[in-house]
Amino acid sequence: CPQGLMAPLAVTAAVWHTFPMPLTIRSATPADLDTLTAIEGAAFAPEDRFARRNLRRMLASRSAWIGIAESGDMAAGAAILLFRKGARTARLYSIASDPGFAGQGVGAVLMTACVAEAVRRGCDRLRLEVRASNARALALYERSGFSLLKEKKAYYADGESALILERGLKARPI
């Protein structure tokens, strides 16, 4: 993404009314480290989650955006986007719902926020890696307009393949 657009997102909330209760998306702050660690820990196997120190570093990085979905005063999920200077492709590194909110559309709302942030930063593509066996995530990504770019055999430590998915950002909103 162009360097001039690397400023952190101002903490402004957007309320999405497709969720049973209003769901607010906001930019994470260092005060959210425990919440992010808990969501990652509940949603992913140990080998697939971010370590606390990595989350702390991303919270301080201008090349990362972490969005938190909240329902009232409860964290419903989070997403992590990474940007590289000069690149027009944003990377979705993590998107997760708290298990108590699973299946309630939190992932779709977070995806909408990720697309908006990537566009705001001047990107025209969004890319991600996903376990080939992660049917729930693959369904979300398909609904969100992602297409298979390639497969990386034995990508994960346990030997499972990763699917690399990508979507354009200007051509089709979610």
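A few points on the structure.

Analysis parameters
Residues numbered from 1 in each chain as written. Predicted model: local features only at pLDDT ≥ 70, side-chain atom pairs only at ≥ 80, totals over all residues. Heavy atoms only, no water. Pairing = 2+ DSSP bridges. Helix = DSSP H or I, 4+ residues; strand = E, 2+ residues; numbered from the N terminus. Right-handed = clockwise from strand over helix to strand, strands pointing away. 1 Å grid on protein atoms, 1.4 Å probe; cavity = no way out; pocket = protein on both sides within 12 Å on 5 of 7 lines; lining within 4 Å. Points joined across faces, edges and corners; volume = space filled by probe spheres on them. Nonpolar A, V, L, I, M, F, W, Y, C, P; charged D, E, K, R; others polar. Phe/Tyr/Trp six-rings, centres within 6.5 Å; stacked < 30°, edge-to-face > 60°. Buried < 20%, exposed > 50% of the residue type's maximum accessible area, 1.4 Å probe, protein only. Lys NZ or Arg CZ within 6 Å of the ring centre and 35° of its normal.

1. Concerning the pairing of strand β6 (residues 125-131)
Consecutive side chains along a regular strand alternate between the two faces of the sheet.
Part 1 of the argument: Sheet topology note: the strand β5 (residues 89-97)/β6 ladder contains 4 bridges and is parallel. Bridging from a neighbouring strand, R91 pairs with R127 of β6.
Part 2 of the argument: Remark: the β5/helix α3 (residues 106-120)/β6 crossover connection has right-handed handedness.
Part 3 of the argument: Here 7 bridges tie β6 to strand β8 (residues 162-168), and the two strands are oriented antiparallel to one another. The residue bridging E129 from the neighbouring strand is I164, located in β8.

2. Side note on the layout of surface pockets
Part 1 of the argument: Looking at the largest pocket, its volume works out to about 1100 Å³.
Part 2 of the argument: Around the largest pocket sit 37 residues that line it, and F44, I95, N134, A137 and Y141 are the ones nearest its centre.
Part 3 of the argument: Those elements that place two or more of their residues in the lining of the largest pocket are α1 (33-43), β5, α3, β6 and α4 (135-143).
Part 4 of the argument: It is β5 that contributes the most residues to the lining of the largest pocket, 7 residues altogether.
Part 5 of the argument: For the lining of the largest pocket, the per-class residue count stands at 20 nonpolar, 7 polar and 10 charged.

3. Examining the packing of aromatic side chains
Part 1 of the argument: As enumerated under the stated definition, the model contains 3 aromatic pairs in all.
Part 2 of the argument: Judged by centre distance (6.4 Å) and plane angle (35 degrees), the ring pair of F50 and Y93 falls under tilted. Placement of F50 in the loop between α1 and α2 (52-60) and of Y93 in strand β5 is noted, with a sequence separation of 43 residues between them.
Part 3 of the argument: Between Y141 and F146, the aromatic rings sit 5.7 Å apart at their centres with planes inclined by 65 degrees, giving edge-to-face as the arrangement.
Part 4 of the argument: Classification of F146 by relative accessible area gives buried; the value is 7%.
Part 5 of the argument: Its end group placed over the ring of Y156, R131 keeps NZ or CZ at 4.2 Å from the ring centre.

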